[in-house]
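# A structural walkthrough
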Amino acid sequence: MKLQSIYIERFGQFRQYQQALADQPFLFIYGPNEAGKSTLMAFIKIILFGFPKRSDMLPYLVGLSERTELGGTLTVEIPKWGTVVIERYRYKNDGRAVIYLPDGQVTDETPLETWLKGYNRDVYESIFSFNLDGLRGIEQLKSDQLNHYLFSTGMMGSANIFDLETTLEKQASELFRPYGKNPSINKLLKRLEGLSKELTLWSKKSEAYNRWQGDLSDSEDQLKRLIDEQQHWERQYGHFLKYKACESLLIDYLNVVKELEETAPAAHFPDKGLQDYENWHTTIVTLEGEQAALAHRLGVIQEKIASLNIDYRFLVNEESIQSLNRERELLQALEPEYQIRLESLRLEQKEYAIQSQKLGATYAGGQLEAIETGLEIKHELKERLNDYERLQQQYRALEVAIEEKENKISQYQATCEHYQQSLLSDQRFEALEAAINQKKNDHQLSQEQKWLEEQIRRTKKQENTIRSMRLLKHLLSGGLLGVLGFVGILLLVSGNLLAGGLLIGAGFAISMFTWLGFRPFEGQSTSQRAEMEDLYRRLEQVKHTLASAPEQKQMEEDYTSEKKRRDQVERVKVQLQEERASYQELITRWDQVEKQRHQAYSKIEEWAAQHHFPMKEEASLLIEVYDLIEDLKERRLRIKHLQSQIDQYRQRFDQFEGHCMTLDQRLKGSGQPLSELINLLTLYKENRGKLDQLADSLQELLEQRQVIEEKLQRYRQECKALFILAGVEDKAAFQHLGRLYEKRQTLLKQKEALWSQLQHVVPQKHIQEQCFKWLESDYWANTEEAILLEKINKLKKASREVQGRIADLRSAIKQMEETTTYAELVHDEAEMREQLKEKAKEWAVLKTAAEWLAKAKEAYRTTRLPKVLKQAGEYMKEMTAGDYVQLFYTEDETFVLKQAKGQSFSLEQLSRGTKEQLYVCLRLALAAIFEAPYQLPLLIDDGFVNFDENRRQQTLKLLSRLAETRQVLFLTCHDSEPIQGMKKLYLHAERKVEDVRFQLSHPSR
């Protein structure tokens, strides 16, 4: 099996996506992360094996509604079948596949099951498809777990057996362990043992209870016998009713069978022969009538053909007549346009004369042709006129600006002279400024006076605080010494010499520390008194200086006003200087613009001379002159064009008249107008069409007559063949045999109908056979329904009496049990035994599954494992370039790799990359020896990420060799150059196709 192309209508991030696969069997499909490689693999497996459960579909429904139709097609090549298309959609056809075969046939998924040999998705994923998920957990496994993991991989292609074996062992140990305490079965056994002991002790308490139990058992046995006998007679009663229901049918059925045996079948009478004969005979009569009707219709058509009249000269010249008619209609349609053009020519000539007068007689005629026009010439004129106009505007604007500057300079000069007249002399201003500076010093002294007064106030406050602390020092030291000394003396008097001496000593020590603690405040008092004297001294000096300063408020106002006037004069002088500099710049710019304006006008004169234009005094009129000349040129062209069209129309009309005369000569000078010729041509064409239709009808009727004759001959032969099969020679003998044959067929149908009714009444086959035996032996001949019912009712009455006695015994036993704890013990024991039984069944199932799994592993170890190990060892040798040459599986269930040098390594001694390579080799070996009707493709999704570059290349070469017998698709996000024999494809999920076509027949989408 080889995949050729993939079409995804909608699946995951793919929308109308098509990917053609190359002819090479080894395909290297590259795509970055999120390109859809895993989605593509999932799609291939869905097409082959169907849609999985809803939870597995969730990753491919992101952003889609639940009812979105997912699916597509897969084009594959199957040996002996050819190229087929497999289509599968999620809701279409209930998710089942539709197969399109090469011959155009459409079938269900039955051939697909044959191609896959019944392999399902799990088997395919375990053997022929793997990715990083199989490698991801290898590094976390312990050495013994890793050996079991790889053994499971070599057995089934995945770790399912390893996981199943671990799960079974864990679940079984949770249920029961020998000598265990915590497992649930161990706990139940211990509790059940205690309950059994309690029940044994309690059962010895009452003999009556045991007697009742015995009576209850005997009554239950009697009730069982009565019920069995009752059921026997009820079955007999049921058989009796069934026999009576089908007795008449049995008798009729046997009678029909007997009549069939007496009626001998016709030897060789054909099936449905009489019916076929009547049908064919009726058909022969009908065909003979149709044959006569056809002969009449043939005569009528031949008469109509003879009555048609056709002049073939008109038909031969049909194209000429039609062409002249079209030309006549065209000339009639063009005649109004011809008149309009004549009028347009007159108006254009008149307007041309008026425009020429505006331009002047100098430029009429040939002089006008000498004037050059064109887009580039007009563009050049506009540019030069725009330059001239721009310079002209700049020239005018500069004249206005110069005049404004002159006015501003005059205003600034007048303002400056006015301010200078009101200013003080420089000597008076300097004296005023010195007095103001002295006033600023007085202000600083006033501020200093306020600060000194504030400092004196704070210092006085601090001195009062120090006096209070000094008084507190005397009070604390004296008070503490007195109190502690008094208490110490009392202790001495009372005879406690040590405590009294210590207390008096503590009083002296505390007083001394208190006195020393207030010493810093005395030093602060001395420094503050010196500071106070300095502050008073500076305050007297500041007051004396402020008292001797003169009052100068008026001087400050005069100084401020004078300062403002002088500042205004300076500003006006600066502005005057700036305006004079700007005025000089404007004069310079005005000279430059004047020069450029004359140069621009000279360029306009040069342009006019170069292109032969008349030069006007006003340059702005040149564009109007240009437009006028261009308009005159266009009018001259239109006049020439109109004159040419008028001449063409006149020439075409003359040619039309000449062709009419020629046609009249061909038709032998009929002299009729063209419209009459068209009518005659139409009539002759209609007659020719009728003639063709009649000829076709004639041919069709002749063919029908021949078909009818062939049918008559065939049906007559069929009737003769029926006579031959029946062995008769005439119609009467054939009908007699036919009636005998139909009678037998009627009896067979009656037999089938009676048997069907009998099966409906008595569907069971063994009862049907029994009913026939009962009928033959008259088993129920002397049996009456009332006698059977009487026996059943007696048995029911006896059963009710025994049931009453059983109920009384059970009530007494229950009353005795409820008065004690026996009922609870019995209930608990029964419930616990049921729990133990369920747990034991569960444990037995787990142990049985584990034993069967062990047997399967042992069978695999002895049969297939050597082949897998040998093949995997060869792959490992090729993958590692000969570093490892052989793979073993030891008796202690351990994989061992042997190097070419002879050294062997267990799994725990291998690197992570080598372990993963061993895993890949086991998967490839299992796929190689796995039997399949067709070589299924091998799908690998980024399985070599932990391989170094050398072994990765060796692995790709190995896959390339395997691809000679099996298609290999290697999907990866690591871009690299493909090796020999490998075709590289690029995966882009955003690529869409608008029109998807297949070489095979394909359903519309």
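Residues numbered from 1 in each chain as written. Predicted model: local features only at pLDDT ≥ 70, side-chain atom pairs only at ≥ 80, totals over all residues. Heavy atoms only, no water.

## Topic: the UniProt feature "coiled-coil region" (unreviewed entry) in the chain
For clarity, the threshold we go by: UniProt positions are given in the numbering used here, feature names are shortened, and annotations may be inferred rather than shown by experiment. Starting at the N terminus, helices and strands are each numbered in turn, a helix being any DSSP run of H or I of at least four residues and a strand any DSSP run of E of at least two.
The positions UniProt marks with the feature "coiled-coil region" (unreviewed entry) are residues 185-236, 378-449, 559-589, 632-659, 684-718 and 792-842. Along residues 559-589 one finds 100% helix and 0% strand; the C-alpha atoms at either end are 46 Å apart.

## A word on the packing of aromatic side chains
One pair of aromatic rings is described through two measures. These are the centre distance and the angle between the planes. Just so we agree on the cut-off: Each Phe, Tyr or Trp ring (for Trp, its six-membered ring) is paired with any other whose centre lies within 6.5 Å, and the angle between the two planes then decides the class: stacked below 30 degrees, edge-to-face above 60, tilted in between. Categorising residues by exposure relies on relative accessible area from a 1.4 Å probe, with only protein chains included: less than 20% of the type maximum marks a residue as buried, more than 50% marks it as exposed, and the intermediate range marks it as partly exposed. Either the NZ atom of lysine or the CZ atom of arginine qualifies as a charge over a ring when it sits within 6 Å of the ring centre and within 35 degrees of the ring normal.
Throughout the structure, instances matching the rule amount to 11 aromatic pairs. For the ring pair F14 and Y17, a centre distance of 4.8 Å and an interplane angle of 50 degrees mean the geometry is tilted. Overall, Y17 belongs to the buried group, its relative accessible area being 0%. Aromatic rings pair up to connect Y253, W755 and F772 into one cluster. Of note, R597 hangs over the ring of Y395, and the distance from its end group to the ring centre comes to 4.5 Å. Looking at R714, its charged tip hangs above the ring of Y715, at a distance of 5.2 Å from the centre.

## Structural notes on a nonpolar patch on the surface
Note the following rule: By definition, no residue in a patch forms a salt bridge, and every one has over 30% relative accessible area; like charges are joined within 9 Å, nonpolar side chains (Val, Leu, Ile, Met, Phe, Trp, Tyr) within 5 Å. Per-residue and other accessible areas were derived by the Shrake-Rupley procedure at a 1.4 Å probe size, with only the shown protein chains allowed to occlude residues. We define a salt bridge as a side-chain nitrogen of Lys or Arg found within 4 Å of a carboxyl oxygen belonging to Asp or Glu.
Together, L472, L476, L480 and I510 line one region of the surface with nonpolar side chains, adding up to about 280 Å² of accessible area. With three residues, helix α15 (residues 426-493) is the largest single contributor of residues to the nonpolar patch. If you trace the backbone, L480 turns up in helix α15.

## Digging into the sheet that holds strand β14 (residues 982-986)
Rule in force here: Pairs of strands are assigned from DSSP output, requiring at least two bridges between the strands. As a rule, the C-alpha atoms of each element are fitted with a line to give its axis, helices using only the stretch in contact, and angles between N-to-C directions run from 0 to 180 degrees. Note on definitions: a residue-residue contact is assigned when non-hydrogen atoms from the two residues lie within 4.5 Å.
One open sheet holds the five strands; their spatial order is β8-β12-β13-β3-β14, and the pairing between them is parallel. With one partner strand each, in any of the chains shown, β8 (129-131) and β14 form the two edges of the open sheet. Each strand of the sheet is rotated relative to its neighbour by a mean of 15 degrees, with strand direction disregarded. As judged from the three bridges shared by β8 and strand β12 (residues 938-941), these two strands associate in the parallel manner. Each residue of the ladder has a partner; that of N131, found in β12, is D941. Here helix α1 (residues 37-49) sits on the sheet and contacts β8, β12 and β13 (968-972); the angle it forms with β12, its principal contact strand, is near 155 degrees.

## Section: a negative patch on the surface
Rules: The convention is simple: Lys and Arg are positive, Asp and Glu are negative, and His and the chain ends are not counted. For charged residues, the charge sits on one atom: NZ in Lys, CZ in Arg, CG in Asp, CD in Glu.
Where like charges cluster on the molecular surface, the negative patch consists of D692, D696, E700 and E703. Looking at the secondary structure, you find D696 in helix α20 (residues 674-726). Residue class for D696 comes out exposed when judged on its relative accessible area of 53%.

## Remarks on the nonpolar core
The following threshold applies: Throughout, nonpolar core names a set of buried Ala, Val, Leu, Ile, Met, Phe, Trp, Tyr and Cys residues whose side chains join them through atoms within 4.5 Å.
Within the largest apolar cluster, 85 residues are counted, with the highest numbers of intra-cluster contacts made by F11, I86, L959 and L969. For F11, the residues in contact, after removing those within four places along its chain, are T39, A42, F43, I46, M57, Y60 and L70. Listed in part, the 23 residues of the second largest apolar core include I646, L663, L667 and L674.

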